[in-house]
Amino acid sequence: MIKQKWRIPPTQGLGFKLGKGQVVRITDVEGEQIADFIAFRADDTSVRLDPGVTMDVLRAMKIKPGDLLYSNTYSPLLSVVADTVGQHDFINSPCRSEMYELLYDKQSHASCYYNLNQALAQFSIPAPDQHYSLNFFMNTVILPSGQIRIERPLSKPGDYVELRAETDLFVAVSACPCSESACNGYVCTPIDVEIMN
Ligand SMILES: [Zn+2]
């Protein structure tokens, strides 16, 4: 039985609490939509999900059921329950207005950085200088030359990931507002968030 459900409108964000043992499902409703995901320990918000540490521990940039996702202090914060896509991004920073200025010459663009900051405000977490997000459904291809290419997500309508909290968490999710590149398939669409238990 689903305990709570939200639909994040295109280009917007959401913050919520996830208690230890609760499972959250994040669904790409229409397909090819990135969901930037961050999480902080509720009892110590200096401890946050860290994709770099998670890569280090997993020795992988892919996740599978049973994998743990780690914090900046190498403690497990979440475990992977399900993943219907298997291709996510561990390395890109969340988009921010300065990125749209630099790369696309666009002013005052909506951004994941802003969405995540707004979502965390209810938990009295001040805006950090940067977020270290796990970017679900983002399809980053690393070429042998060292170049990276952001391709259209592999996620189809209804694809999802499910994560279980290993401790009480504050979580924020942004439905990435970038329509300028293939990253969201050139169109921004909603993300569903459901707490399953
Ligand atoms: Zn974004």
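Analysis parameters
Residues numbered from 1 in each chain as written. Predicted model: local features only at pLDDT ≥ 70, side-chain atom pairs only at ≥ 80, totals over all residues. Heavy atoms only, no water. Donors = N, O, S within 2.8 Å, 3.2 Å for Na, K, Ca; no water. Helix = DSSP H or I, 4+ residues; strand = E, 2+ residues; numbered from the N terminus. Buried < 20%, exposed > 50% of the residue type's maximum accessible area, 1.4 Å probe, protein only. Core = buried A, V, L, I, M, F, W, Y, C linked by side-chain atoms within 4.5 Å. Contact = heavy atoms within 4.5 Å. UniProt positions renumbered as here; feature names shortened; annotations may be inferred. Phe/Tyr/Trp six-rings, centres within 6.5 Å; stacked < 30°, edge-to-face > 60°. Lys NZ or Arg CZ within 6 Å of the ring centre and 35° of its normal.

This part covers the coordination of the zinc ion. Protein-derived ligands of the zinc ion are Cys95 (SG), Cys112 (SG) and Cys176 (SG), with the metal-ligand distances lying across 2.2 to 2.3 Å. The sequence pattern describing where the donors of the zinc ion fall on their chain is C-x16-C-x63-C. Note that cysteine 95 is positioned in the loop between β7 (76-83) and α2 (97-104) and cysteine 112 in helix α3 (residues 112-121), a separation of 17 residues in sequence. The residues cysteine 95 and cysteine 112 share a single accessibility class, namely buried.

Before going further, it helps to examine the nonpolar core. The biggest cluster of nonpolar side chains holds 31 residues, and the ones touching the most others in it are Ile26, Phe37 and Phe136. Looking at this core, the elements that each hand over two or more residues are β2 (13-18), β3 (23-28), β4 (35-41), β7, β8 (134-136), β11 (159-165), β12 (169-175) and β13 (191-195). Counting residues per element, this core draws most heavily on β12, at 4 residues. With near-sequence residues (within four places) excluded, phenylalanine 37 lies in contact with Ile26, Leu49, Leu78, Ser133, Leu134, Phe136, Leu163, Val171, Ala172 and Val173. Ranked by size, the runner-up nonpolar core spans 9 residues in total, among them Phe40, Leu116, Ala119 and Phe170.

Time to look at the UniProt feature "domain: DUF1989" (unreviewed entry) in the protein. Mapped onto this structure's residue numbering, the UniProt feature "domain: DUF1989" (unreviewed entry) falls at residues 7-169. Secondary structure content for residues 7-169 is 16% helix and 34% strand, while the C-alpha to C-alpha distance between its ends is 20 Å.

Before going further, it helps to spend a moment on the packing of aromatic side chains. A complete count under the given rule lists 5 aromatic pairs for this structure. Where tyrosine 100 meets tyrosine 104, the ring centres are 6.1 Å apart and the plane angle is 35°; that geometry is what we call tilted. Of this pair, tyrosine 100 and tyrosine 104 both sit in helix α2, 4 residues apart, which is roughly one turn of the helix. Ring centres of phenylalanine 136 and phenylalanine 137 lie 6.5 Å apart, and the angle between their planes is 55°; this geometry places the pair in the tilted category. Each member of the pair, phenylalanine 136 as well as phenylalanine 137, is classed as buried. Three or more aromatic residues joined by ring pairs form one cluster here, namely Phe37, Phe136 and Phe137. Above the ring of tyrosine 160, the side-chain terminus of arginine 25 is found at 4.0 Å from the ring centroid. Stacked on the ring of tyrosine 113, the Lys or Arg arginine 96 has its end atom at 4.0 Å from the ring centre.

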